[in-house]
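# Remarks on the overall topology
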Amino acid sequence: MGRGTVQVLLLLGLLHWGPGGEGRKNWRRRGQQPAAAAAARERSEATGQPVESFPLDFTAVEGNMDSFMAQIKSLAQSLYPCSAQNLHHELRLHLLLNSSVTCNDGSPAGYYLKESKGSRRWLLFLEGGWYCFNRENCDTRYDTMRRLMSSKEWPITKTGTGILSSQPEENPHWWNANMVFIPYCSSDVWSGASSKSEKNEYAFMGALIIQEVVKELVGKGLSNAKVLLLAGSSAGGTGVLLNVDRVAEQLEEMGYQGIQVRGLADSGWFLDNKQYRRTDCIDTITCAPTEAIRRGIRYWNGIVPERCKLQFKEGEEWNCFFGYKIYPTLRCPVFVVQWLFDEAQLTVDNVHLTGQPVQEGQWLYIQNLGRELRNTLKDVTASFAPACLSHEIITRNHWTDIQVKGTSLPRALHCWDRSLHDSNKNGKAPLKGCPIHLIDSCPWPHCNPSCPSIRDQFTGQEMNVIQFLMHMGFDVQKMAQQQGLEPSKLLGMLSSGS
């Protein structure tokens, strides 16, 4: 036995025999007795099944998790200095073996994979990046954003960030999962099922790409998974809503009914609301959301889940691209992350915040957007909706900083994980102090003090919430009067995020 192994065993011994015997309780799966744990290990070794590498209950140390993980990482680096620089575990590109499933230009689609040997948790992430809905704007997209339509220039490796990070301090609860990043190269909100042909200049195979990736991953260990989390941001977030049930059905048909499939939709919960100022439908920016999807679904030969499709008349399948309409039809549990003042939503609604003070009509429209979005989330079991002006969050390295009502997003996701695990146990009461329905109630963009910082686009200087609102033309005197408050009290409330 090497010196490093001895030191690890000593560390585990200290944790195990710590004051008050707490280590004994925390380093064992809840409810599992020592004999049962040993028997499970023996069964696993006998059958050749991988042993879960991280089946530990950290309930008692959650409050100090960052410090705890930093110590573990420091120990690993001191024991294995030669490989310390490789601890980030880059994701490596795999082009699909089935070359008939392609990107828009006919180049093979693919995925980036970072395996975590022994872990039975898999995270599949769908990239976002708008879409195109006719030949003209797809040609423009190909000229200006080719990596979103072709795999020809994809790098061999990618470094995961946010929820795809292998660093425990950046990703407290999913750092040890098998990570899969699926690049977006189909421009169809992950819904298309048409190949490139003489008639079709471009292929739109988003839905088929997901199915093919899942099929390949089964041979790389996904068959032993306990949990598969299908996550995505922006168009990828909408792609989660469109595909999560289909992935569950695919795995069931392949004989893997034991895998729990869940969804995490970030910044993909769009509204089919009326634009602030109507414009002609020329491209994805100017076109109203409903019209763009109507045209797109025909152009892509897009497919939507059958349960949602049955809710609407033939030709009205576009409704299923909007979160509040498809969510009630989903069988798989889905966690929805959505900024109340999403920049992409404001863009398609023709509210352009260019640094000039907003007009009163725009300001009222923005406030109403927040109210409408909040209302669509009221019946969503698991949600995280900060009152911020932003777009996408779960792959940002600052995703741990954002809070709603004192709870961070990683913490809320962990609570959701635990609630799903515990709901499978009969007679288990809901978790106390572990909220999963978190929606800001303050009415203005950036009234939450944990929102990402905003910079003045001309000076580059960071702005606090009061500076930002004044920059947008916010009239403190008038708004205080409307709210029946003294201006000084209103400013204090804004500063504290009340």
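If you're wondering where the values come from, they're calculated on a predicted model, not measured in any experiment.

Quick notes on the rules
Residues numbered from 1 in each chain as written. Predicted model: local features only at pLDDT ≥ 70, side-chain atom pairs only at ≥ 80, totals over all residues. Heavy atoms only, no water. Buried < 20%, exposed > 50% of the residue type's maximum accessible area, 1.4 Å probe, protein only. Helix = DSSP H or I, 4+ residues; strand = E, 2+ residues; numbered from the N terminus. Arc of directions from axis to C-beta. Contact = heavy atoms within 4.5 Å. Polar contact = N/O pair within 3.5 Å; in protein donor to acceptor, adjacent residues only side chain to side chain. Axes fitted to C-alpha atoms, helices over the stretch in contact; angles between N-to-C directions. Left-handed = near helix turned anticlockwise from the far one by under 90°. Nonpolar A, V, L, I, M, F, W, Y, C, P; charged D, E, K, R; others polar. Phe/Tyr/Trp six-rings, centres within 6.5 Å; stacked < 30°, edge-to-face > 60°. Lys NZ or Arg CZ within 6 Å of the ring centre and 35° of its normal.

### Here's the deal with helix α5 (residues 135–144)
Along α5, the positions that sit buried rather than exposed are Asn-137, Cys-138, Arg-141 and Tyr-142. The arc that holds the buried residues of α5, viewed along the axis, is 145°, so those residues lie on one side. Away from its buried face, by an angle of more than 90 degrees, α5 presents the exposed residues Glu-136, Asp-143 and Thr-144. The elements touched by buried residues of α5 are α8 (289–300). The opening residue of α5, the one whose side-chain oxygen lies 3.2 Å from the backbone nitrogen of Glu-136, is Asn-134.

### What to know about the side chain of Ser-390
Mapping Ser-390 onto the fold places it in strand β11 (residues 389–390). By relative accessible area, which is 12% here, Ser-390 ends up buried. Sequence-distant contacts of Ser-390, defined by excluding residues within four places in its chain, comprise Trp-339, Phe-341, Asp-342, Glu-343 and Pro-452.

### A look at the packing of helix α6 (residues 206–218) against helix α7 (residues 235–253)
Where α6 contacts α7, the axes come no closer than 11 Å and their chain directions differ by 40°. With respect to the hand of their crossing, α6 and α7 are arranged in right-handed fashion. In this structure, α6 contributes Ala-207, Ile-210, Gln-211, Val-214, Lys-215 and Val-218 to the contact, and α7 contributes Asn-243, Arg-246, Val-247, Gln-250 and Leu-251. For the contact of α6 with α7, the residue count by class is six nonpolar, three polar and two charged.

### Some thoughts on the packing of aromatic side chains
All chains considered together, the criterion is met by twelve aromatic pairs. Considering the side-chain rings of Tyr-112 and Phe-181, the 6.2 Å spacing of their centres and the 70° angle between planes classify their relative orientation as edge-to-face. With a gap of 69 residues between them, Tyr-112 in strand β2 (residues 110–114) and Phe-181 in strand β5 (residues 178–182) connect regions that are remote in the sequence. Accessibility assignment for this pair places Tyr-112 and Phe-181 in one class, buried. One aromatic cluster is present, built from ring pairs that chain together Trp-130, Tyr-131, Trp-300 and Phe-321. Above the ring of Tyr-112, the side-chain terminus of Lys-158 is found at 5.9 Å from the ring centroid.

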